[in-house]
Every structure is written in structure tokens, then in C-alpha cells.
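What follows is the residue order along each chain.
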Amino acid sequence: MLIVPEREIADLMTRDAAFAAVEKVFAAMASGKAYNFPVVREAIGHEDALYGFKGGFDRAGLTLGLKAGGYWPNNLEKRGLINHQSTVFLFDPDTGKAKAMVGGNLLTALRTAAASSVSIRHLARKDAKVIGMIGAGHQAKFQLRAALEQRDFEKVIGWNLHPEMLSNLEEVAAEAGLPFEAVDLDEMRAADVIISITSSFDAILNADQVSPGTHVACMGTDTKGKQEVDPQLLVKADVFTDEVAQSISIGEAQHAVAQGLIAEADVAQLGAVINCTNPGRISDDQITLFDGTGVGLQDLAVAAAVVDLAVEKGIAIEVDF
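Conventions used here
- Position numbers for residues count from 1 along each chain, tracking the sequence in the order it is written.
- Thresholds applied to this predicted model are a pLDDT of at least 70 for local features of residues and 80 or more for the giving and counting of side-chain atom pairs; totals over whole chains, interfaces and linings are not thresholded and use all residues.
- As a rule here, side-chain values cover all heavy atoms of the structure and leave hydrogens and water aside.
- In this description, strands pair whenever DSSP reports at least two bridges between them.
- Every helix listed is a DSSP run of H or I at least four residues long, and every strand listed is a run of E at least two residues long, numbered separately from the N terminus.
- Axis lines are fitted through C-alpha atoms, for helices just across the contact stretch, and the angle between N-to-C directions can take any value from 0 to 180 degrees.
- Contacts are assigned to residue pairs with any non-hydrogen atoms lying within 4.5 Å of each other.
- Every case where a carboxyl oxygen of Asp or Glu lies within 4 Å of a side-chain nitrogen of Lys or Arg is listed as a salt bridge.
- When a residue's accessible area, from a 1.4 Å probe over protein chains only, is under 20% of the maximum for its type it is buried; when over 50% it is exposed; and in between it is partly exposed.
- Here, expected helix span is obtained from the residue count minus one, scaled by 1.5 Å.
- Seen with its strands pointing away from the viewer, a crossover is right-handed if its path from the first strand over the helix to the second goes clockwise.

### Considering the sheet that holds strand 10 (residues 180-182)
If you trace the 8 strands from one edge of the open sheet to the other, you get 10-9-8-11-13-17-15-16, paired in parallel fashion. The sheet is open, and its two edges are formed by strand 10 and strand 16 (267-269), each paired on a single side. Geometrically, the sheet is characterised by an average inter-axis angle of 20 degrees between neighbouring strands, direction not taken into account. Its contacts with the sheet place helix 5 (residues 138-147) against strand 8 (130-134), strand 9 (155-159) and strand 11 (193-196), and it is angled at close to 165 degrees to strand 8.

### Observations concerning the pattern of salt bridges
Applying the stated criterion across every chain, the model contains 16 salt bridges. Here Arg 15 makes a salt bridge to Glu 149, at a shortest N to O gap of 2.9 Å. You can see Arg 15 sitting in helix 2 (residues 15-30) and its partner Glu 149 sitting in the loop between helix 5 and strand 9, a full 134 residues away along the chain. Its relative accessible area of 35% is what places Arg 15 among the partly exposed residues. Residue Glu 171 is joined to Arg 145 by a salt bridge in which the shortest nitrogen-to-oxygen separation is 3.9 Å. Of this pair, Glu 171 sits in helix 6 (residues 167-175) while Arg 145 sits in helix 5; the two residues are 26 residues apart in sequence, bridging distant segments of the chain. Several salt bridges converge on common partners, so that one network encompasses Lys 141, Arg 145, Glu 171 and Glu 175.

### A few points about the environment of Ala 253
With respect to the secondary-structure elements, Ala 253 resides in helix 9 (residues 253-258). For Ala 253 and Asp 92, which are 161 residues apart along the polypeptide, the C-alpha to C-alpha distance reads 34 Å. Look past the residues within four positions of Ala 253 in its chain and what remains in contact with it is Leu 234, Ser 247, Ile 248, Ile 262, Val 267 and Asp 291.

### Thoughts on the pairing of strand 6 (residues 84-91)
When strand 5 (residues 63-71) meets strand 6, the two strands line up antiparallel, connected through 8 bridges. Bridge assignment links Gly 65 to a residue of strand 6, and that residue is Leu 90. The sheet contact formed by strand 6 and strand 7 (residues 98-103) spans 5 bridges and is antiparallel. Residue pairing for strand 7: Thr 87 is matched across the bridge by Gly 103. Taken together, strand 6 and the strand that follows it, strand 7, pair antiparallel across an intervening segment of 6 residues, in which Gly 96 is found at a positive phi of about 85 degrees.

### As for the side chain of Thr 112
Looking at where Thr 112 falls in the secondary structure, it is placed in helix 4 (residues 105-123). Sequence-distant contacts of Thr 112, defined by excluding residues within four places in its chain, comprise Gln 139, Gln 143 and Met 219.

### Details of helix 11 (residues 296-312)
Counted at 1.5 Å a residue, the expected span for helix 11 with its 17 residues is 24 Å, and the 25 Å between its end C-alpha atoms agrees. Burial of helix 11 is extensive: 12 of the 17 residues sit out of reach of the surface. When helix 11 is considered as a whole, its buried residues turn out to be Gly 296, Leu 297, Gln 298, Asp 299, Leu 300, Ala 301, Val 302, Ala 303, Ala 304, Val 306, Val 307 and Ala 310. Residue Gly 314 follows helix 11 closely and has a positive phi angle near 75 degrees.

### Observations regarding the pairing of strand 9
Within strand 9, 4 of the 5 residues are buried, which leaves it mostly tucked inside the rest of the structure. As judged from the 5 bridges shared by strand 8 and strand 9, these two strands associate in the parallel manner. Bridge pairing in strand 9 places Gly 132 opposite Ile 157. Regarding topology, helix 5 serves as the crossover connection from strand 8 to the parallel strand 9, and that connection is right-handed. Across 3 bridges, strand 9 lies against strand 10 in parallel orientation. Bridge pairing links Ile 157 to Glu 181 in strand 10. Crossover connection from strand 9 via helix 6 to parallel strand 10: handedness right-handed.

Shown next, in the form of C-alpha cells:
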């Protein structure tokens, strides 16, 4: 079995490689060549942690495995560790033998950012100039860096429950040579693209705070009960997702579906847009919304790419197992 430690990931996986892996697996999912297994996600009753498993099988890429991990909200304050902790395990689909174990923390951040970035590539207006960020934590920096590569943005605006954290967004905007402005939620109407990346259990963004033509990527809702936007926004928008079953059960669409505002049939796969079997955006006034729930196949795709690179560069650790 091969091991690729967390410390090696930063030198192996780029944003471009993560984007390519995630886009490819979304397309495979939509064409029926890849599927995710049911998600297990539980509050373990210790350290306020959420722990679980996401897995799947990609027949096209012959990638089989799972990611184990979750969210430990006290890590940063108590231990100086990031709150999200995970490890990816890959298996040989021909024999079932363990093939690789890969550090999953940075990979999770990169693949989550890549997912929203893929949605911007395929759904945002070509002339989008202002990007709005809701949330300014650790993951928000990855989201913004990836998103800025998808359009010729001219300005970044941001809102966070704790305004002192907005310096994270300002830092990334400065890296890109763009101005940054802290705004109220009502001022999100100025954004052409909005990314929400929070751990909220209450709607933050209202439907009337989103202008016609905006693309919204909701990236924080991945557990039953979580919520970032007003369910009425999903009524106004054309809704796309990574995995429909997850979107309506643990994703942002769970609330609109539970309230009878939209149906499962109203949620489309982003992969269908990539495969050109769904037109995606068809007008400049259309609001599009991507519900990024985070699927196991994303993790497996980026982990498999990392293993290949680690072997190529001679830094994968081989152990008898």
C-alpha cells in the first residue's frame, strides 16, 4: 500500500489539477459512469465533533474508496489544528486490496474550492465583474483564490458574522490585485457571483438580496439541518448540484424540498451541463444556484491524482499491508 502524507500534498496538488479532476468526475457522475455511496455523518458526542464517511466508485477512472473524517470545531482554539480533519483511502477495484492512504485535509479544501470554481466556469455570466463572499474562514480563502481564476473579476466584496475575519478575504483580493470592500448583506445585490461558505444552521442570504443574473454557489451545507440561504432563493433560481440525492437530503435544497417549494426534479446535476445535456445558463437575467454538498467521488478523484504524482516524483511511501 502507498502512503502520501499530508505534509506532501501542497507540493503535489495544484488548483488546476483539482479543477480538472472534479470537473471530470462530475461529468462521469452525470453520464452514469460513476456513483457515490450513501453518506454516513454523525455527531459523536465528544468535542462537539461531526464524523463520517463519503465514498464511491468511478468506473471510468477505476477509482474506488472512501474519505473518513469530519469537523472538530474546537481544534483551532484548543490545539492549533484546523477544524476539518480527514484521510482518503483508495482500494484496487479488481481485487479489493488497500491501494493507498492519502492525507485529506488540504485535498478537501482544494476539491471544495474546485467544485464551486467548476460551477462558476459553467454557470456564471461571462461578463461577471464583482464576486461576493459570505463567510471568511479557512476554506473561504481557497474558494476565493479558485473563483478568481474563472472570470475577469474587478472587485471582491465580503460579509462575515465576525467582521474581524474579513482580513482573510482582503488578503486574497490583494494577492490578485483587486479592491476589497466589507459590505452588509443587502449590498450583495452588487455581486455577479456569490459564494457562501459557512457552517450556518440558519439562512443568512435572503432571496431579495440576490440580483437577476447572479450565480450563487452554496458550499457550506453538507449536513441535515444546515442552511445558508432563504429557501425562496431556490424557487427563483435554476438549481444545480453535484449529487441530487445529497442536495435534497443534506444539502441546501433540503429546506426548499421539505417545505414543498421545489421538487427533486427541479434540481439538476452540474455534470449534465458539463456534458452538454443540460443547457445551464440560457439568459443574462437567470439566477443560477449550485448546491455543493461535497461528494466522495470528488475526494477520490483528487486523491488518485495525488497518488499518481507522488509515485512519479518518488515520494510515495510503500508499506507492506
